[in-house]
Amino acid sequence: MGTVLDSHFLALTAIVTVGYQLFFFIITALLKFDKVTDFAGSTNFIILAVLTLVVRGTWHFRQVILTLLVIVWGIRLAIFLLMRILQWGEDRRFDEMRDNLGKLAFFWMFQAVWVWAVSLPLTVVNASDRDPSLKAADIIGWIMWSVGIISEATADQQKLTFKNSPENRGKWCNIGLWKYSRHPNYFGELFLWWGIFVASTPVLDGAEWLVILGPIFLTLLLLFVSGIPLLEVSADKKFGNVAAYRMYKETTSPLIPLPPAAYGKVPSWFKKVFLFEFPLYSKTLPQGELSWYRTNSGGSREGVKFG
């Protein structure tokens, strides 16, 4: 089939995304029903992936593989988030939005931008007529996606299991991958979408390389806006006066999974520059000083106290 609206499907995907998100915004606003929010975001990715593949109709191997990767990710995340919110009963993110139409509209508009921007690498690949032979970038990108989705799915399930256990009520999750990263699910999310971008690069030409703005947008979003900062603030308010939590935060990487014993010894400047330990993640931490733990030969940690 011929192109629709523009040669790279940018307008087509924008219109479809806005329409899809507007539909769910109306449902949310009229019925005060926020259980479909994450479902709407995840399934929107699937719609764009299938739509752009079918409309172009070239069915190149790379197009099919990347489309399938996005579909698998979208289905997994949509089902998980829908089941989780149905179990929890409400989404606390909307506590201040349910009666504020302006804030609610801004959230849905931002979600539409998120879907459209992050989908850019796949959108452009599916819109392209180019079909170069298999490259190393393809393999690397697929491996990155695999590592990312396994990390994200594992972390999501570990945290859900932890929170569902009555004995863990009032505790922060520090089991499994959460022992090595404070946000391993976000690490997986970022890694898999950067993998999609890497796997798209054999097709990109000229201005098409601007699709890198998709994973960059996602990275900035999770690091500085609605991802890690909000969760860090929430956890600090709940557990900031608990010495064990402060030690956990001091010795656990915010994003990239690393051994706590190794991370705890890394200089603070190195953490800030290379490991995403930004000051804003601790700006609301209750006053008090957690002395630096020291690891003895047996591997135990000592020296946790408030000053």
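The shown structure was predicted, so the numbers you read here are calculated from the model rather than taken from an experiment.

### Examining helix α2 (residues 37-56)
Side chains of residues three or four places apart in an α-helix project in the same direction, reflecting 3.6 residues per turn.
At step 1: With 20 residues, α2 should cover 28 Å at 1.5 Å per step; its first-to-last C-alpha distance of 29 Å lies within 8% of that length.
At step 2: Of all 20 residues making up α2, 14 are buried, and the element is well covered by its neighbours.
At step 3: Count one or two residues on from α2 and you reach Gly57, which has phi positive near 75 degrees.

### Structural notes on the nonpolar core
At step 1: Of all hydrophobic cores here, the largest spans 35 residues; its most connected members are Phe45, Leu66, Trp73 and Trp193.
At step 2: At the level of elements, α2, α3 (61-88), α4 (101-118), α5 (120-127), α6 (136-164), α7 (184-200) and α8 (213-225) are the ones that each hand at least two residues to this core.
At step 3: Once you skip the residues sitting within four places of it in the chain, Trp193 turns out to touch Phe45, Val70, Trp73, Val118, Pro215 and Leu218.
At step 4: The next biggest cluster of nonpolar side chains, apart from the first, holds ten residues, and it includes Phe162, Trp178, Ala235 and Leu285.

### Observations regarding the confidence of the model for the chain
At step 1: Averaged over every residue, the pLDDT of the chain is 89; the share at 70 or more is 88%.
At step 2: Counting contacts from residues 289-307, a segment whose pLDDT is below 50, to residues more than four positions away or on other chains yields 46 contacts.

Procedures and definitions
Residue positions are given per chain, counted from 1 along the sequence in the order it is written. Owing to the predicted nature of the model, reporting of local features is limited to residues with pLDDT of at least 70; listing and counting of side-chain atom pairs is limited to 80 or more, with chain, interface and lining totals taken over all residues. Hydrogen atoms and water are omitted, and side-chain values are computed over all heavy atoms in the structure. The numbering of helices and of strands both runs from the N terminus, where a helix is a DSSP run of H or I of at least 4 residues and a strand a run of E of at least 2. An expected span of 1.5 Å times one less than the residue number is assigned to each helix. The rule is simple: take the accessible area with a 1.4 Å probe, protein chains only, and divide by the maximum for that residue type; under 20% is buried, over 50% is exposed, in between is partly exposed. We define a nonpolar core as any set of buried Ala, Val, Leu, Ile, Met, Phe, Trp, Tyr and Cys residues linked to one another through side-chain atoms lying within 4.5 Å. The contact rule is simple, with two residues in contact once any of their heavy atoms fall within 4.5 Å. Scored from 0 to 100, pLDDT records how confident the predictor is in each individual residue.

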